[in-house]
Structure formats: structure tokens, C-alpha cells
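# Summary of structural features
Now for the letters of each chain:
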Amino acid sequence: MITQKKGKILNFSSVRSLLGIRSGYIAYCSSKGAVNMLTKQLASEWAKYNINVNAIAPTFFRAGQAVAYLKNKQFYETLVNRIPLGRVGETVDLVGATIFLSSAASDFITGQILFVDGGVTACQ
């Protein structure tokens, strides 16, 4: 990308990069916070090469390891009650953000963390 003086880098972070959780997630939250700072620093350093660096930070999505958690009715209800849009994310909810940040439509956007979270970071 540096050689061709053009590119897009899209990192994946988490709402837990911004919001702590009560216990057991020190490594996860810290590493996602690091992804955010990596995104900002690379954006700052590589802008001169016309390389955009951004990140998407989702909340719980019905995919991967989260599926097991979401099967627990009490956990699910507690979680959904904290999300203003009243539901967890579906993988399709990431498509638009991914396409946008990977396309020419975002050529003047770099160093940003896009929280795809149903509004949870707006009210926490």
C-alpha cells in the first residue's frame, strides 16, 4: 500500500474498547483499546501515503462465541435491555459499515472508530 500510495485498512475492535466490564475481561478490553489506538496512530502516520485506517467496533452479534452466551435467556434479556435499539446485532448489520469504510465513499475518513452497537455507547 505504501508503494502504490493508496489503500484501506479496516480493523475490528469492540465496544469493550471503550466500556469496561465487571470482571474477567482485562486482556480482551485492553487489547481492543489497543486496536483503537493502533488505528489512530496508523491513520496519522500513513495518511501521507493516502492510506485510510479505520475500525469497526461492534457490540454483541449473533455470531461466533457470542452465540452460546445469547442462548442464556437471562443474559440475553439483560443485554438487550441495555441496547437502545432493543436487539443484538446480526452479521448483516456489519455489511454496510464494512462496505462504506472499504469504498471510495470514505476516502476522506481516517482514524475513526465506528461503533456498530445499536446505540449502547451513546448511553453508557
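See the structure above.
Residues numbered from 1 in each chain as written. Predicted model: local features only at pLDDT ≥ 70, side-chain atom pairs only at ≥ 80, totals over all residues. Heavy atoms only, no water.

## Some details on the layout of surface pockets
Of the voids in this model, the largest pocket is the one considered here, and its volume is about 590 Å³. In terms of lining, the largest pocket is formed by 24 residues, of which the most central are Ser 14, Tyr 28, Thr 59, Phe 60 and Ala 66. Counting only elements with at least two residues in the lining of the largest pocket, the list comes to α1 (26-46), α2 (66-70) and α3 (73-82). The dominant element in the lining of the largest pocket, judged by the number of residues it contributes, is α3, at 3 residues. Partitioned by chemical class, the residues of the lining of the largest pocket number 16 nonpolar, 5 polar and 3 charged. Size it by volume and the second largest pocket reaches roughly 200 Å³. Lining the second largest pocket are Arg 16, Ile 21, Phe 60, Gln 74, Phe 75, Thr 78, Leu 79 and Arg 82. (1 Å grid on protein atoms, 1.4 Å probe; cavity = no way out; pocket = protein on both sides within 12 Å on 5 of 7 lines; lining within 4 Å. Points joined across faces, edges and corners; volume = space filled by probe spheres on them. Helix = DSSP H or I, 4+ residues; strand = E, 2+ residues; numbered from the N terminus. Nonpolar A, V, L, I, M, F, W, Y, C, P; charged D, E, K, R; others polar.)

## Focus: the environment of Leu 19
Looking at where Leu 19 falls in the secondary structure, it is placed in the loop between β1 (7-12) and α1. Leu 19 sits in the buried class, given a relative accessible area of 14%. Residues Leu 19 and Thr 121, spaced 102 residues apart in sequence, show a C-alpha to C-alpha distance of 7.7 Å. Apart from residues no more than four positions distant in its own chain, Leu 19 is found in contact with Cys 29, Thr 121 and Gln 124. (Buried < 20%, exposed > 50% of the residue type's maximum accessible area, 1.4 Å probe, protein only. Contact = heavy atoms within 4.5 Å.)

## Things to note about the nonpolar core
With 8 residues, the main nonpolar core is built from Val 15, Ala 66, Leu 70, Leu 79, Val 80, Ile 83, Val 88 and Val 120. The set of elements that each furnish at least two residues to this core consists of α2 and α3. If we ignore the near neighbours within four places in the chain, the residues touching Val 15 are Ala 57, Pro 58, Thr 59, Phe 115, Asp 117, Val 120 and Thr 121. By size, the runner-up hydrophobic cluster in this structure holds 6 residues, among which are Ile 56, Phe 61, Ala 97 and Val 116. (Core = buried A, V, L, I, M, F, W, Y, C linked by side-chain atoms within 4.5 Å.)

## Quick look at the packing of aromatic side chains
As enumerated under the stated definition, the model contains 3 aromatic pairs in all. Ring geometry for Phe 60 versus Tyr 69: centroids 6.3 Å apart, planes at 85 degrees, classification edge-to-face. You can call Tyr 69 partly exposed: its relative accessible area is 41%. Since its relative accessible area comes to 24%, Phe 60 is described here as partly exposed. One aromatic cluster is present, built from ring pairs that chain together Phe 60, Tyr 69 and Phe 75. (Phe/Tyr/Trp six-rings, centres within 6.5 Å; stacked < 30°, edge-to-face > 60°.)

## Points about the side chain of Asn 52
By secondary structure assignment, the location of Asn 52 is in strand β2 (residues 51-58). When its relative accessible area of 6% is taken as the criterion, Asn 52 is described as buried. Within the local environment of Asn 52, its side chain forms a polar contact with the backbone oxygen of Ile 109, the two atoms lying 2.9 Å apart. Apart from residues no more than four positions distant in its own chain, Asn 52 is found in contact with Gly 7, Lys 8, Ile 9, Ser 106, Asp 107, Phe 108, Ile 109 and Thr 110. (Polar contact = N/O pair within 3.5 Å; in protein donor to acceptor, adjacent residues only side chain to side chain.)

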